[in-house]
Each structure stands twice: as C-alpha cells, then as structure tokens.
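One-letter residues, chain by chain:
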Amino acid sequence: MSVLDDIIDGVREDLTARRSRVALEEVRALAEQAPAPRDAFAALNASNSGVRIIAEVKRKSPSKGSLSEIQDPAELAAAYERGGAAVVSVLTEERRFGGSLADLDAVRASVNLPILRKDFTVDEYQIWEARAHGADLILLIVAALPDEELRALLALTHELGMNALVETHTPEEVERAVALGGRIIGVNVRNLKTLDIDRSVFGTLAGLIPAGAVVVAESGVRDIADVEQFVAEGAHAVLVGEALVRHENPEATVRTFTRAGSALHN
Ligand SMILES: O=C(O)c1ccccc1NCC(=O)[C@H](O)[C@H](O)COP(=O)(O)O
C-alpha cells in the first residue's frame, strides 16, 4: 500500500466519525451561513505582484515527522499575511499532519487572505465542511480519485463559489486535470506514493498546462534559489510549508520569497 493510500484510509475513517457526530445537513446549513468565499483564483492570478506565495501552516508530516511546535496558528498566519503571502494553506489532516479544523478556524479569524483547506478531499462532506469553516480553496489530488468523482467534487466546489487546487505529479495527471476543467493546477514535486522529492518534475510538467490556468509549484522549497527556479520554469505561485514553519522569521522569509520571484516573473 502506498503512503497516499494509507493516508486516505485514515482520512475516510476520521470522516465517518465526524459525519456520525455532525450530519451533512447540519454542515450544509453552517456553510450556507458562512460569509461569501474570497476569490483565490484572482489572488493567485494578480498581475501587480511577483510570484504569489501560498504559505502553509504545517505541524508535522509523514516524510519529516514533527516540523515545528506551532503554538499559535493564528499568529503564524498573520505573520504570513504581513510578509505578503497571497493565500494561507492550513493542513487539517489530523493523523499524519497534526492539523485540525480548529487550526482552520483560528487562521480564518486572523487573516483576510483566501485560505486553502489542505486535506485529502475524497467526499463532498469535506467541501461543505471547508466552506462552513471559512475556507475559500480546497485541494483535489488527481492521483487519489477517478475522473467521475473528481468531476463531481470540482463541480460542487465551483457551485459553492470556491476554487480547487488540482494537484498533479505526472503528464497523465496534468492531462486529466486540464480535461476536468481545473483552473488552478498544482505540480507537486513530492511523489505522494514514495515521498521522494524531484524538483525537475515541475519544469517537465509546467509546460503542459495551458495558458489561462494558474500554475502552482508545490513542495520541496528550501530557499530563494528554489523559488527562482520554479518561477523561471513557469510557476505563478509557489506553495511552501516546511521552509516557513522551521524558520525563526516566517514573515521575512515570505517577503524574501515573494521578491525573489518578482524579479524573474513580471
Ligand atoms: O509533506 C509530506 O511529507 C507529505 C506526505 C504525503 C502527502 C502529502 C504531503 N505533504 C502535503 C503537501 O502538499 C505539502 O505540505 C506542501 O506542498 C508543502 O510542502 P513542503 O514545502 O515541502 O513542506
């Protein structure tokens, strides 16, 4: 069984437990009362700035274990906003990443930016839940689902006025993401089946994504040079987790990454 399959098994079990505590109808009612979603597509597509940084609140990971004792996700997200992040990503998966919907709530209350609920979306319940907790963007991993399920989840996301980051790792997955109508397409340089990082994957796949889509480079950023490389290869936005949560000054790091990209991008 791959790492991704194992994570998804856990996600499905946790989902069953949450669903038995809060019925879909209740989550839908909460989502319908939530303030209108922020436009993550526009935030990532803005032409008046350099590379857009999606800054992640990430406590731990299957590849690295504990990354940072994040005492206050709200303060970390506020630092990302001050540093010029375009979007804040909040990992809500509990078992392997130590995240929660409480982290999402805390971040929603502290920033005005669009928020990505970063989780392993396999069911419409999670999309209603994301909306109910104030998320504007969700993650759909092409490797995790067949086309008809991806299509239905993407349609619901757009119906709710939200956007999806449609994540790929191979040329076939990019083709599927484009055919399904993905507007924000991510290339994850971390292979979720083996956890290996191969930064060259981004340059190979970015050229397959048609104009009009927002192209996001995901994972594996260590420093400015990595951001610059992704931008030179066509990234409009770069999603960064570990390098920010481990840094003693995440605000300054986001600022530096944003500027590093801008010299090349616009
Ligand atoms: O981070 C992991 O080890 C991981 C393992 C299996 C599935 C997903 C995983 N990460 C999710 C992400 O997409 C990253 O958190 C995100 O792209 C940021 O990556 P990084 O900057 O390398 O922390």
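Here, the structure is the one placed above.
Fair warning: this is a prediction, and the values are worked out from it, not measured in the lab.

Quick notes on the overall build of the chain
On a plain count of helices and strands, the chain comes out with twelve helices and ten strands. A globule of 266 residues ought to have a C-alpha radius of gyration of about 18 Å, and the chain, at 17 Å, matches this closely. By principal-axis analysis of the C-alpha atoms, the chain measures approximately 50 × 40 × 35 Å. Every one of the 266 residues in the chain was classed for burial, and the buried ones make up 46%. A separation of at least 24 residues holds for 69% of the contacts in the chain among residues at least 6 apart in sequence.

Some remarks on the nonpolar core
In this structure, Ile53, Val87, Val88, Leu137, Val216, Ala237 and Val238 are the most contacted members of the largest nonpolar core, which totals 78 residues. Considering each element in turn, this core owes the most residues, five residues, to strand S6 (residues 137–141). Excluding residues that lie within four positions of it along the chain, Ile53 makes contacts with Ala85, Ala86, Val238, Val240, Val254, Phe257 and Thr258.

A short note on the packing of helix H4 (residues 73–83) against helix H5 (residues 101–110)
Contact geometry for H4 and H5: axes closest at 8 Å, N-to-C directions at 45°. The orientation of H4 relative to H5 falls into the category oblique. For the pair H4 and H5, the sense of crossing is right-handed. Residues Pro73, Ala74, Ala77 and Ala78 of H4 form the contact with H5, whose own contacting residues are Asp103, Ala106, Val107, Ala109 and Ser110.

Focus: the site of the ligand
Contacts to the ligand come from 19 residues, most closely from Ser61, Ser63, Ser219, Gly241 and Glu242. Taken together, the residues of the shell around the ligand break down into eight nonpolar, six polar and five charged.

So, the environment of Thr253
With respect to the helices and strands, Thr253 occurs in helix H12 (residues 250–265). Assessed through the 24 C-beta atoms surrounding it within 10 Å, Thr253 is described here as buried. Once the C-alpha coordinates of Thr253 and Ala243 are considered, the two residues, ten residues apart in sequence, prove to be 8.5 Å apart. Not counting the four nearest positions on each side in its chain, Thr253 is found in contact with Ala243, Leu244 and His247.

Brief notes about the packing of helix H2 (residues 24–33) against helix H6 (residues 124–132)
Where H2 contacts H6, the axes come no closer than 8 Å and their chain directions differ by 35°. At the point where H2 passes H6, the crossing takes the left-handed sense. Along its contact with H2, which presents Leu24, Val27, Arg28, Leu30 and Ala31, the element H6 presents Tyr125, Trp128, Glu129, Arg131 and Ala132. Split by residue class, the contact of H2 with H6 holds seven nonpolar, no polar and three charged.

What counts, and where the lines are drawn
- Residues numbered from 1 in each chain as written.
- Predicted model: local features only at pLDDT ≥ 70, side-chain atom pairs only at ≥ 80, totals over all residues.
- Helix = DSSP H or I, 4+ residues; strand = E, 2+ residues; numbered from the N terminus.
- Rg over C-alpha atoms; globule rule 2.2 N^0.38 Å.
- Buried ≥ 20, exposed ≤ 12 C-beta atoms within 10 Å, placed from the backbone.
- Contact = placed C-beta atoms within 7 Å.
- Core = buried A, V, L, I, M, F, W, Y, C linked by C-beta atoms within 7 Å.
- Axes fitted to C-alpha atoms, helices over the stretch in contact; angles between N-to-C directions.
- Parallel < 35°, antiparallel > 145°, perpendicular 65-115°, else oblique.
- Left-handed = near helix turned anticlockwise from the far one by under 90°.
- Near = placed C-beta within 6 Å.
- Nonpolar A, V, L, I, M, F, W, Y, C, P; charged D, E, K, R; others polar.

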